[in-house]
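Per-entry structural report
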Amino acid sequence: MDTVRIKDLPKHVGQQVLVNGWIYNKRTSGKLQFPIIRDGSGYLQCVVSKKEVSPESWDASDRATQESTVRVIGKVVEEARAQGGVEMHVETFELPSLSEPFPISPKEHGTDFLMNHRHLWLRSSKQHAVLRVRNEIEKGCRDFFYDRDFVLIDSPILTANAAEGTSTLFETDYFGEKAYLSQSGQLYLEPAAAAFGKVYCFGPTFRAEKSKTRRHLMEFWMIEPEVAFLEFEGLQELAEEFVEYLVRRALDRCKEELKTLERDVTKLENVKRPFPRITYRDAIELLTGKGMDVKFGDDFGGDEETVIANSFDRPVMISRYPTVIKAFYMQPDPKDPDVVLGLDMIAPEGYGEIIGGSQRIHDHDLLLQRIKEHKLPVEAFQWYLDVRKYGTFPHSGFGMGIERMVAWVSGVPHLRETIPYPRMLNRIYP
Ligand code: 4AD
Ligand code: MG
């Protein structure tokens, strides 16, 4: 008999099927038992009646503890009150593996305890739902760019270059030379944009962020498009089209998950283009107007971002940051040379910056000057400078952190729940 996945059971009403899974929960009432079985695709309520099954099946069902592996055969019956609209009337109940007492029960556990048991915590309904949202958003990212004729360019993890400042580099030894874990694939995408026009990369990136906040991980996944001949205006349009698409996709395809997470989806329904756009100078005005002590040249932290985000009902794009606080490669604004054509997109509801991007400097000499000003080793950047020597061209791109996006869409406040195995300050287990 073929195994049927729980989510497919509504197609088998009236039939006898086999389900493999684990005990999620169990209720007993005299001569009836109601185990709930999960198989990763859904939850199935079963009815085991002492009168209708063999003594072996009854005994197996009776002994099955939370997370025991079970193999059940029975008839699929419509039941409007059950999750998925069906339940199973069990005919045979087998217990291939009895679970030891499972450390995670529906009672409250501390975060540290849960993080130490992350490998088991993944089975809990909320964690399961968040990671399914992540799965959908990752597929959405790939579809979005593939459908728009972008070419996927996998960028290296081991690199000799600092893309996003030298203070957050993870250093490693590369046969006697210094190498770093990649902070961003961007530098490798720019040459590829000259080869393919529209490219993107999607992979793990690393930052030794010595701060302990709910928005920072040491290892996170970033999706980065890079487009030849795209200038700043077009970059902003691409960013908002992308975010609108991903939110819509999660709303359409993760209804059950968002329900499990008790997400207020009305807030996500608002996420329609055009998104508000303000400049950094406008943002400073907005913040000082609300009594915050910030001036031109200050970088925004989580508090500033939240105050700005709360002034709008959808993501807001802040552009034209002071040159001194942004990365070396950002193109100066021709109309206002103290600022660069860079943008950050801030998510609503306090989820912070989800996208960072810019138009890139395409003038060789200016880029060289910036590399020197930032005290970066010119030798290591020769190949990157080559893009400006052999047919230079205006180009732009951005990076979106998947975990920040998933946190916002799922409504979970801490990034640690949005990645299967988070790497945080003081945590690399499990
Ligand atoms: O703003 P960032 O540093 O931009 C870049 O790395 C550019 N090179 C991207 C590009 O233009 N191709 O990072 C981009 C995004 C942030 O907006 C945020 O969503 C995420 O990456 N991010 C982090 N997510 C989790 N933990 C961290 N420590 C993060 N640092 C950045
Ligand atoms: Mg940034």
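Residues numbered from 1 in each chain as written. Chains lettered and ligands numbered in written order. Predicted model: local features only at pLDDT ≥ 70, side-chain atom pairs only at ≥ 80, totals over all residues. Heavy atoms only, no water.

Considerations on the nonpolar core
Soluble, globular proteins show a tendency: their nonpolar side chains are buried together. Counting residues in hydrophobic clusters, the biggest one holds 58 residues, and the most contacted among them are V243, M405, W408 and V409. Sort the elements by how many residues they give to this core and helix 6 (residues 232–253) lands first, with 10 residues. (Core = buried A, V, L, I, M, F, W, Y, C linked by side-chain atoms within 4.5 Å. Buried < 20%, exposed > 50% of the residue type's maximum accessible area, 1.4 Å probe, protein only. Helix = DSSP H or I, 4+ residues; strand = E, 2+ residues; numbered from the N terminus.)

A closer look at the packing of aromatic side chains
Per the stated rule, a full pass over the model turns up 21 aromatic pairs. Relative to F398, the ring of F242 has its centre 5.9 Å away and its plane inclined at 40°; by these criteria the two rings are tilted. Highlighted residues: F242 in helix 6 and F398 in strand 18 (residues 395–401), separated in sequence by 156 residues. Taken together, the aromatic side chains of F144, F145, F150, Y200, F242, Y245 and F398 make up a single cluster linked through ring pairs. If you follow R148 out to its NZ or CZ, it ends over the ring of F144, 3.7 Å from the centre. Its guanidinium or amino end placed over the ring of Y384, R388 lies 4.5 Å from that ring's centre, counting from NZ or CZ. (Phe/Tyr/Trp six-rings, centres within 6.5 Å; stacked < 30°, edge-to-face > 60°. Lys NZ or Arg CZ within 6 Å of the ring centre and 35° of its normal.)

A short note on the site of ligand 1
Near ligand 1 you find 24 residues, and of these E164, Q186, R207, E224 and E353 are the closest. Contact between ligand 1 and I355: an oxygen atom at 3.4 Å from a main-chain N or O atom of the residue. Residue R360 places a side-chain N or O atom 3.0 Å away from an oxygen atom belonging to ligand 1. Surface burial for ligand 1 is 94%, taken as the share of its 630 Å² of free accessible area covered by protein chains. Contributions of two or more residues to the shell around ligand 1 are made by strand 11 (219–228), strand 17 (352–359) and strand 18. Residue contributions to the shell around ligand 1 peak at five residues, all from strand 17. (Near = heavy atom within 4 Å. Polar contact = N/O pair within 3.5 Å; in protein donor to acceptor, adjacent residues only side chain to side chain. Areas by Shrake-Rupley, 256 points an atom, 1.4 Å probe, with all protein chains shown as cover.)

A closer look at the pairing of strand 8 (residues 171–174)
Sheet topology places strand 8 next to strand 9 (residues 177–181); four bridges connect them, and they run antiparallel. Pairing of E171 across the sheet is with Y180, part of strand 9. Two successive antiparallel strands, strand 8 and strand 9, enclose a turn made up of two residues, where F175 displays a positive phi of approximately 50°. (Pairing = 2+ DSSP bridges.)

Here's the deal with a nonpolar patch on the surface
On the surface, L158, Y174 and F175 cluster together into a nonpolar patch covering about 380 Å² of accessible area. Position of Y174 among the secondary structure elements: in strand 8. Under the relative-accessibility criterion, Y174 is labelled partly exposed at 42%. (Patch = residues over 30% accessible without salt bridge, like charges linked within 9 Å, V, L, I, M, F, W, Y side chains within 5 Å. Salt bridge = Lys/Arg side-chain N within 4 Å of Asp/Glu carboxyl O.)

Bear in mind that shape data such as this cannot, by itself, settle questions of function.
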